[in-house]
Amino acid sequence: MSGTEQSPVADRASGADARSPVRLRLRLASGEAREARLLHVSPTSAELELPSMADLPVEGERIVLELLDDQVGAPPRFGTVSWNAAPERPVIGVEFVTDPTLDEDASRLDIERIKIDPQIALQLPAARARQWQILPFAADDDAVMVATADELLPKAETLLSRSYKRDVKAHLVDAEGLSRVIERVYAGADAMAAGGASAQLVDGQEELDAITAYDLVFASALMYGASDIHIDSFEDRVRLRVRVDGQIESLRNLSVASGASLISRIKVMAGLDISERRAPQDGRLQHELSDDVRVDVRVATLPTKHGERVTLRLLGTDAGDLTLGTLGMSPRQLEQFGQAIRQPHGMILLTGPTGSGKSTTLFAAIEQLIAESDLNVITIEDPVEYQIPGVTQVEVDPAEKVTFPKALRSTLRHDPDVVMIGEIRDAETADIAVKAALTGHLVFSTLHTNDAAGAITRLTDMGVPAYLVGATLRMVVAQRLVRRLCTACPTPVPCDPAHAAVLGKPDLARQTIKEPAGCVYCGNRGYTGRLALFEMLTCDRELARLITSKATEEQIKSHLEARNLPTLADDAAEKLVNGRTSMADVLRNVVSFADLTQEDEPVQSDAFPVPDDDVESS
């Protein structure tokens, strides 16, 4: 249909029935369908009203419009959301697609962006997936969703319906992309998929052999993008869970016998003593999913009342995709941090709790430095998490007498330009690191403090003279990780004034931010991956003099406030307004317990109700 032709939608709106509401079905790129009411239409655009603000699609999203009621037979129109969220009304604008070559692709899912549910995908044998070029990727109570490049074969639809005991809903995807995803999902998984399909239930729990369970756990964790696998032994079952984007998610339950066999196999692969069940053990293994997919795994066991608990940390073995930009730094922060890491000597510290991405940021900095110039870089880590080409990496192992202080002393004899110390844990390491920075080396390291200012007093508390801290410190970066909102399905909402007050950013109140919704691209989580929040403290001459004069942490913070140093809350507010993360994640990771319990003027809100004085608390 050309841009000047009148569409069936326009005919209906301009005809005798125009006064009655025109009902449409709006299909999103994710496959979700929502009803809408036509407000205005022209040959090239339309305005639609949806039932609620929560139903609004994202600006720029491709959609398909279909008429309901007596116009069901009318052809669909393809378009792009040009704007959304008129003030306090669930209204969107749609620009129709006039290029007919785009129409077929508009309704296709991007299979390479979809979050595959391994528990659904791996029920189908790999041979069938490859033969028919189909991939079940998600399911709800009514239907299993299947990606295909063409119409489903009748025998394939029959097999899927029988296997999943649900209706089959086919989604068209690009053929080449589907082939690549099928190979990735089923890499080395032919026997595993067959074993998973024939799993038996014993007392309500799955019964799998050790090899199938082992391969299934790793394949599922990698498809989820998990950082950890948790195996918990209970009296009646063994529970498998994974940590995805910082959140624990259930995987499946195994029978006690299957769980014990799985744990024994993990211990064998990690070189642990399988007969020792009464003492904790630590080990490592490398899981090979295919010829080009290998994962280093750190294994820890712990004896419990009903067996052993095993935690597997999946370590990234390749730092090739690490860049400072992908971590979430703004252009201003990239410039500020880039200037600091290009200093010829001095110390740069990353602070934050365990799991806040400190080491990842330092690896990205090293990647950038070695890409720009030829440097002698040595790292001291516990353990080595990323393998960086061209960098000498030393792994700390107290059992082999390789500690942080000993490794650091030896490293300085090898003429390094840059030294990275995984963590400053004690006074001896802190002393050597500061002296290394003083004698012409650029030193990167991490500390466990809540904010940037706390790193300064932490070093002096360890016994490092204040004048040495002031002379060597170049930058301190406080960091937190928050989940990144899925770009396909966030919901615009006004910021709650109570949340803005707790964050210390009252100006955020009533501004439009975004909250998670859920679609096939994020596995109905609402989030895809994580990004970092940063607070950067540059140590200039004035601050160095303050440190040298043995100023307290409160005095240092007062000085930084006078300088209007952007805080973690400031960075969080910017990312909230830009729709990159949610308020719930910011409050969970940025706001401390002290902030939540401070005796400020109470703010009345549905999220934080303030009881009346005459109402008795239950």
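Quick caveat, the model's predicted, so the values are computed rather than measured. (Residues numbered from 1 in each chain as written. Predicted model: local features only at pLDDT ≥ 70, side-chain atom pairs only at ≥ 80, totals over all residues. Heavy atoms only, no water.)

Draft legend 1. Here's a closer look at the overall build of the protein. When helices and strands are counted, the protein shows 21 helices and 26 strands. Looking at the protein as a whole, 48% of its 618 residues are labelled buried. Sequence-distant contacts in the protein: of pairs separated by 6 or more residues, those separated by 24 or more amount to 63%. Per element, the accessible surface of the protein, about 29400 Å² overall, is 48% carbon and sulfur. (Helix = DSSP H or I, 4+ residues; strand = E, 2+ residues; numbered from the N terminus. Buried < 20%, exposed > 50% of the residue type's maximum accessible area, 1.4 Å probe, protein only. Contact = heavy atoms within 4.5 Å. Areas by Shrake-Rupley, 256 points an atom, 1.4 Å probe, with all protein chains shown as cover.)

Draft legend 2. Structural context of helix α19 (residues 568-577). Counting buried positions over the ten residues of α19 gives seven, a clear majority of the element. Among the residues of α19, L568, A569, D571, A572, A573, K575 and L576 are the ones counted as buried. For α19, the secondary structure elements touched by its buried residues are α10 (331-341), β23 (473-485), α16 (497-503), β25 (512-515), β26 (527-538) and α20 (583-590). Two residues or fewer after α19 comes G579, characterised by a positive phi angle close to 75 degrees.

Draft legend 3. A look at the packing of α19 against α20. The geometry of α19 relative to α20 is characterised by a closest axis approach of 10 Å and an angle of 170 degrees between their N-to-C directions. By the criterion of interaxial angle, the relationship of α19 to α20 is roughly antiparallel. On α20, the residues touching L568, A569, A572 and L576 of α19 are M583, V586 and V590. Classifying every residue of the contact of α19 with α20 gives seven nonpolar, no polar and no charged. (Axes fitted to C-alpha atoms, helices over the stretch in contact; angles between N-to-C directions. Parallel < 35°, antiparallel > 145°, perpendicular 65-115°, else oblique. Nonpolar A, V, L, I, M, F, W, Y, C, P; charged D, E, K, R; others polar.)

Draft legend 4. Spatial organisation of the sheet that holds strand β9 (residues 167-172). Read across the open sheet, the three strands follow the order β7-β8-β9; overall the sheet is mixed. The open sheet terminates on both sides in strands that have one partner only, identified here as β7 (134-139) and β9. Each adjacent strand pair in this sheet contributes to an overall mean axis angle of 30 degrees, direction not counted. For strand β8 (residues 143-148) and β9, the ladder comprises six bridges, and the chain directions are parallel. (Pairing = 2+ DSSP bridges.)

Draft legend 5. Highlighting the side chain of E535. Tracing the sequence through the fold places E535 in strand β26. Among buried charged residues, E535 stands out as having no salt bridge; its nearest opposite-charge side chain is R480, 7.7 Å away. A distance of 3.2 Å separates a polar side-chain atom of E535 from the backbone nitrogen of L568. (Lys, Arg positive; Asp, Glu negative; His and termini not counted. Salt bridge = Lys/Arg side-chain N within 4 Å of Asp/Glu carboxyl O. Polar contact = N/O pair within 3.5 Å; in protein donor to acceptor, adjacent residues only side chain to side chain.)

Draft legend 6. The pattern of salt bridges, seen in detail. Inspection of the entire model under this criterion finds 23 salt bridges. Between D236 and R237 there is a salt bridge; the shortest N-O distance is 3.6 Å. For D236, a relative accessible area of 47% puts it in the partly exposed group. Residues joined by salt bridges that share partners form a network here, namely D232, R239, R241 and R309.

Draft legend 7. Inspection of the nonpolar core at higher detail. The biggest cluster of nonpolar side chains holds 68 residues, and the ones touching the most others in it are I116, L135 and Y186. Tallying contributions element by element places helix α8 (residues 210-224) first for this core, with nine residues. Residues within four places of Y186 in sequence aside, it is in contact with A121, L122, L124, P125, A126, A129, R130, L135 and P136. Core analysis: the next-biggest nonpolar cluster, separate from the first, contains 58 residues, I421, V482, L568 and A572 among them. (Core = buried A, V, L, I, M, F, W, Y, C linked by side-chain atoms within 4.5 Å.)

Draft legend 8. Seen up close, the pairing of β7. Counted residue by residue, β7 has five buried out of six residues, so it is predominantly covered. Direction of pairing for β7 relative to β8: antiparallel, over a ladder of five bridges. For A138, the partnering residue across the bridge sits in β8 and is M145. Here β7 hands over to β8 after three residues, the two strands then running antiparallel side by side.

Draft legend 9. View of the packing of aromatic side chains. The final tally for this structure, using the stated rule, is one aromatic pair. Here the basic side chain of R237 rests over the ring of F234, its NZ or CZ set 4.7 Å away from the ring centre. (Phe/Tyr/Trp six-rings, centres within 6.5 Å; stacked < 30°, edge-to-face > 60°. Lys NZ or Arg CZ within 6 Å of the ring centre and 35° of its normal.)

Draft legend 10. Structural detail: the environment of A213. For A213, the location among the structural elements is in helix α8. Remark: the alpha-carbon pair of A213 and G259, spanning 46 residues in sequence, is separated by 8.4 Å. Beyond its immediate chain neighbours, meaning those up to four positions away, A213 contacts L208, L254 and L262.

Draft legend 11. Molecular detail of the environment of T351. Assignment of secondary structure puts T351 in strand β18 (residues 346-351). Along the primary structure T351 and G454 are separated by 103 residues, whereas in three dimensions their C-alpha atoms are 8.7 Å apart. Among all residues touching T351, those that are not within four sequence positions of it are K358, L447, T449, D451, A452, A455, V476, V477, A478, Q479 and R480.

Draft legend 12. Just the confidence of the model for the protein, in detail. For the protein, per-residue confidence averages 82 on the pLDDT scale, and residues scoring 70 or more make up 82% of the total. Below a pLDDT of 50 lies the segment residues 1-19, which in the model reaches 32 contacts outside its immediate sequence neighbourhood of four places, other chains included. A low-confidence stretch, residues 69-73 stays under pLDDT 50, and its non-local contacts, those more than four residues away or across chains, total five contacts. (pLDDT = per-residue confidence, 0-100.)

Draft legend 13. Main features of the sheet that holds strand β22 (residues 442-447). The seven strands are arranged β20-β19-β21-β22-β18-β23-β26 in an open sheet whose pairing can be described as mixed. Whereas interior strands pair on both sides, the edge strands pair on one side only; in this sheet they are β20 (392-395) and β26. Averaged over all neighbouring strand pairs, the angle between strand axes comes to 20 degrees, with direction disregarded. Sitting on the sheet, helix α13 (residues 427-438) touches β18, β21 (418-421) and β22, and the angle it makes with β18 is about 135 degrees. Lying over the sheet, α19 contacts β23 and β26, oriented at roughly 140 degrees with respect to β26.

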